[in-house]
Amino acid sequence: MAEAKATEQLHRDAIVIDGQGVGVLMPVMLTPQPDHDGVSFIDRALKAGVTAINTSMGIGGVASGRDDFRGLIESIHGNLVHFELEPDRLVHVETADDIVAAKQQGKLGVIFGVQGLAAKIDNDINLLRVLRKLGLRVAQLTQNDRNSFGCGCLEPIDSGLTQLGRACVAEMNHLRIVVDMAHAGERTAIEGLEASTRPAIVSHANARALASSPRNATNAMLDAVKASNGVIGITAYSPFCETERGRQPTLESFVDHMAYVVDRIGVDHVGIGSDFFDAESPVRFDAHARHYPDVVRGYTLETIYCEDFKRVDHLPRLTGALLRRGFTEADILKVLGGNFLRVFREVWGG
C-alpha cells in the first residue's frame, strides 16, 4: 500500500508531456474526442496527470481531406476557439513556462504541432513565420512518403534531406520551432538532426533493434538524437512497440524499448510519444492499413496499441512500470516530461 501511494505521488508530482498526443479535437470535423465510460478526453487526460500534449494539426497523416495550408489554418482556428470554450481546462502552450503554468493550474497544455510539414505550407517555408505567430511550436518534416523536404520512412530509396529541407530546418531554427524527424527515412532523419543547430526530436518512434518496423529508429538515428541533445518519444503503437514479431506488445514491451534507448544514448534523451488516438475510426483505420501495410503490419483497430497501455487514461501505469524496472525517481521525472521540457525551453525560450 505504501509503495502504491509513493508511486502515485511521484506521478502526481511529475510534469508529464506526451510528445505525440494526437489532439484534443478530432480532425476534419473539429469536435472533441469522444468520451470513454462517460468521461471526456480532457478530464481523462487530467486525471491521468498529463501536463501537455503535442498535437497533430491539419489533416494529412491523421485523417482524410485537404492537406494544405488552408486545411491547417482551419485546424488551428478550431483549436483556438476550443481554448475559448475550455478556459478552465486547457492552456495554449507557446512557451516552456506555459507548460509549468498548466501543471500549477491543473490544466492540460496543448502544443501546436504538425506531421508532414511540406504539404501544410504549400512547400513555402516563408509561411513558417506566419504559423509561428499563430502558435506552431513543433513540426515534423515528412510523413511516410517523399516530399519536397526529404524522404519518409516507407520510400524504397532514401535520398536524404533536400536543399529545401535544409533551408526549412534553418528557418525553423531561426524561428524557434522544434524540428521533428519522426516518420523520416534513416538518412533523411539523421541529416535533419545533424542540420539543426538547436535540439531536435523524434516525437514518436521506438528502437528498430527490438522491432524491425521502418518507422522505428536505427541505432545511428538514436545516436544522432543524442548528438542533437534532443529526445525520442517512445510510442505505444503495437507494430513499433512489439518485441516479438506479430505478438501484441504490453506495457512491459514499451518499457523494454525505453530501457534499450536509455542504455544506448542515456536517460536524458528519452520521453513519451504515445500516439494514443482515442478517436480513431474504423473507416480511416481501414484506409490507413491499405495505404501503409508496412506500418500497420496486420494489427487491427482493437490491437493497434499495447494490450494494457492503449489510452491516455493508462499513462499512470508507466510510472509504476519504470519503478519496477529499476529506474530512479529522478530519471522517471526526466522520462515522463522533464526531457521534453528541457528541449522546449532551449528551443522556444521562456
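Residues numbered from 1 in each chain as written. Predicted model: local features only at pLDDT ≥ 70, side-chain atom pairs only at ≥ 80, totals over all residues. Heavy atoms only, no water.

### Observations concerning the side chain of Arg89
For clarity, the cut-off: Only DSSP runs of H or I reaching four residues or more are called helices, and only runs of E reaching two or more are called strands; each is numbered from the N terminus. We define a polar contact as two N or O atoms separated by no more than 3.5 Å, with the added condition that, inside protein, one atom must be a possible hydrogen donor and the other a possible acceptor, whereas residues neighbouring each other in sequence contribute only through side-chain atom pairs. What makes two residues a contact is simply this: any of their non-hydrogen atoms within 4.5 Å.
Looking at where Arg89 falls in the secondary structure, it is placed in the loop between α3 (69-85) and β3 (90-93). Within the local environment of Arg89, its side chain forms a polar contact with the side chain of Glu86, the two groups lying 2.7 Å apart. In contact with Arg89, not counting residues within four places along its chain, are Ser40, Ile42, Asp43, Leu46, Lys107 and Leu108.

### So, the pairing of β3
The condition that has to hold: With a 1.4 Å probe rolled over the protein chains alone, any residue whose accessible area is under 20% of its type maximum counts as buried; one over 50% counts as exposed, and the rest are partly exposed. Two strands make a pair as long as DSSP finds a minimum of two bridges between them.
Here β3 shows a buried face lined by Leu90 and His92 and a second buried face lined by Val91 and Val93. In the sheet, β3 pairs with strand β4 (residues 108-115) via four bridges, with the strands oriented parallel. Looking at the pairing, Leu90 lines up with Leu108 of β4.

### What to know about helix α6 (residues 127-134)
Which entries qualify depends on this criterion: It is the directions from the helix axis to the C-beta atoms that the arc portrays.
Within α6 the residues assigned to the buried category are Leu127, Leu128, Leu131 and Arg132. Down the axis, α6 shows its buried residues gathered within 145 degrees of arc, on one side only. Structurally, α6 contributes buried residues whose contacts are with α3, α5 (117-120), β5 (136-140), α7 (163-175) and α15 (329-348). Trailing α6 by a residue or two, Gly135 shows a phi angle of about 115 degrees, which is positive.

### A look at the side chain of Ser203
For Ser203, the position within the fold is in the loop between β7 (201-202) and α9 (219-227). According to the relative accessible area criterion, Ser203 is buried, its value standing at 0%. Side-chain polar atoms of Ser203 contact the side chain of Asp180, separated by 2.6 Å. A distance of 2.8 Å separates polar atoms of two side chains, one belonging to Ser203 and the other to His204. Once residues lying within four places of it in the same chain are set aside, the contact partners of Ser203 are Gly19, Gln20, Asn54, Gln140, Asp180, Ala182, Gly233, Ile272, Gly273 and Phe340.

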